[in-house]
Amino acid sequence: MLTPAQIPEVTSFFHADSGTWTYLVADPESGKALVIDPVLDFDAKSGRTSTASVQAVFDAITNRELRLRWILETHAHADHLSAGAWLRAKVAGARLGIGEGICEVQKTFGAIFNLGKGFRVDGSQFDHLFQDGESLMLGTIKGEVIATPGHTNDSVSYLIGDALF
């Protein structure tokens, strides 16, 4: 049984254009936070991207004076573009992580889309590749990575305190 200090505060952000949820998860005791599946806006007609959606997440982090430690992806996304790299560039010390299965996904899609030798298929675009069962700490709250392969081999779920993403 978890104590109240081990239960994270969760703020949800819905991206209507892609039907995607982004989560800001915070440890109220330490002020440390992580973001799960940040969305980069994409307008298919113009081919342009914007950061309006992820800016709202960043503003929530700033307004609450949280310290962002992790940006976590649950899988390689086909339903939206990730704003993980943008958010990592905005916050010194924040790390970008995904399941280790991303390497296999990159190899598969690299070949399908003929991305060539310049496209690295080793997961090096991320700071950390999580293994099934690996733990991470969000301040005083323990997290666990759970492999949940679905439509891609890299799919993981994150159990942070009492919340499963």
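Above this note sits the structure.
As the structure is a prediction and not an experimental result, all values here were calculated from the model. (Residues numbered from 1 in each chain as written. Predicted model: local features only at pLDDT ≥ 70, side-chain atom pairs only at ≥ 80, totals over all residues. Heavy atoms only, no water.)

Visitor: Provide a residue-level description of the environment of Y158, including the pertinent values.
Guide: Along the chain, Y158 falls in strand β12 (residues 156-160). Between the alpha carbons of Y158 and E73 there is a distance of 9.5 Å; along the sequence they are 85 residues apart. Setting aside its immediate chain neighbours within four residues, Y158 contacts L72, E73, T74, G97, I98, G99, F130, E144, V145, A163, L164 and F165. There is a polar contact of 2.7 Å between the side chain of Y158 and the backbone oxygen of E73. (Helix = DSSP H or I, 4+ residues; strand = E, 2+ residues; numbered from the N terminus. Contact = heavy atoms within 4.5 Å. Polar contact = N/O pair within 3.5 Å; in protein donor to acceptor, adjacent residues only side chain to side chain.)

Visitor: Requested: an account of helix α3 (residues 102-112), with residues and values cited.
Guide: Restricting attention to buried positions, one finds in α3 the residues I102, C103, V105, Q106 and G110. The arc enclosing the buried residues of α3, seen along the axis, measures out at 155°, which places them on a common side. Looking at α3, the residues exposed on the side facing more than 90 degrees away from the buried face are A111 and I112. Downstream of α3 by one or two residues, N114 has phi in the positive range, about 50°. (Buried < 20%, exposed > 50% of the residue type's maximum accessible area, 1.4 Å probe, protein only. Arc of directions from axis to C-beta.)

Visitor: Kindly report on the sheet that holds strand β10 (residues 135-138), identifying the contributing residues and their values.
Guide: One open sheet accounts for four strands, arranged β10-β11-β12-β13; its pairing is antiparallel. If you trace the sheet from one side to the other, it starts and ends with β10 and β13 (163-164), each paired once. Both β10 and strand β11 (residues 141-147) contribute to a ladder of four bridges, which runs antiparallel. Within the sheet, the bridge partner assigned to L138 lies in β11 and is I141. (Pairing = 2+ DSSP bridges.)

Visitor: Which residues make up the side chain of E73, and what values go with them?
Guide: Examined against the element boundaries, E73 turns out to sit in the loop between β6 (67-72) and β7 (81-82). Although E73 is buried, it makes no salt bridge; R88 carries the closest opposite charge, 9.5 Å away. Apart from residues lying up to four places away in sequence, E73 is in contact with D37, P38, S82, G84, L96, G97, I98, F126, V156 and Y158. (Lys, Arg positive; Asp, Glu negative; His and termini not counted. Salt bridge = Lys/Arg side-chain N within 4 Å of Asp/Glu carboxyl O.)

Visitor: Tell me about the sheet that holds strand β1 (residues 9-15), and name the residues and values.
Guide: What the six strands build is an open sheet, ordered β1-β2-β3-β6-β8-β9; its pairing is mixed. In this open sheet, the two strands that pair with only one neighbour each are β1 and β9 (128-130). Between one strand and the next, the sheet's axes are offset by a mean angle of 25°, whatever the strand orientation. Sheet contacts for helix α1 (residues 52-63): β1, β2 (20-26), β3 (32-36) and β6; angle to β1, the most-contacted strand, approximately 160°. (Axes fitted to C-alpha atoms, helices over the stretch in contact; angles between N-to-C directions.)

Visitor: Please set out the pairing of β2 residue by residue, giving values where relevant.
Guide: Most of β2 is tucked away, with five of its seven residues classed as buried. Connecting β1 to the next strand, β2, in antiparallel fashion are four residues, including G19 with a positive phi near 65°. Counting the residues in the hairpin turn of β2 and β3 gives five residues, including G31, whose phi is positive at 80°.

Visitor: Account for the nonpolar core, naming residues and giving values.
Guide: Among the nonpolar cores identified, the biggest contains 24 residues, and L24, V35, I61, L68 and L87 are the most heavily contacted of them. Breaking this core down by element, the ones donating at least two residues are β2, β3, α1, β6, β8 (95-99) and α3. Looking at which element gives the most residues to this core, the answer is α1, with five residues. Apart from the residues lying within four places of it in its own chain, the contact partners of V35 are T22, Y23, L24, V57, I61, L68, W70, I71, L72 and L87. (Core = buried A, V, L, I, M, F, W, Y, C linked by side-chain atoms within 4.5 Å.)

Visitor: Explain unusual backbone geometry to me, and be specific about the residues and the numbers.
Guide: Positioned with a positive phi, D37 is a non-glycine residue whose angle comes to about 55°. Looking at the secondary structure, you find D37 in the loop between β3 and β4 (39-43). Despite not being glycine, E65 has its phi angle at roughly 55°, a positive value. The residue E65 is located in the loop between α1 and β6 in this model.

Visitor: So what's going on with the packing of aromatic side chains? Residues and values would help.
Guide: A full pass over the atoms with the stated rule returns six aromatic pairs. When the ring of W21 is compared with that of Y23, the centres are 6.5 Å apart and the planes differ by 15°; the resulting orientation is stacked. Taking relative accessible area as the criterion, W21 reaches 41% and is therefore assigned partly exposed. Feature note: the residues F14, W21, Y23 and F165 constitute an aromatic cluster, connected by ring pairs. Geometry around F58 places K90 over its ring, the cationic atom sitting 4.9 Å from the centre. (Phe/Tyr/Trp six-rings, centres within 6.5 Å; stacked < 30°, edge-to-face > 60°. Lys NZ or Arg CZ within 6 Å of the ring centre and 35° of its normal.)

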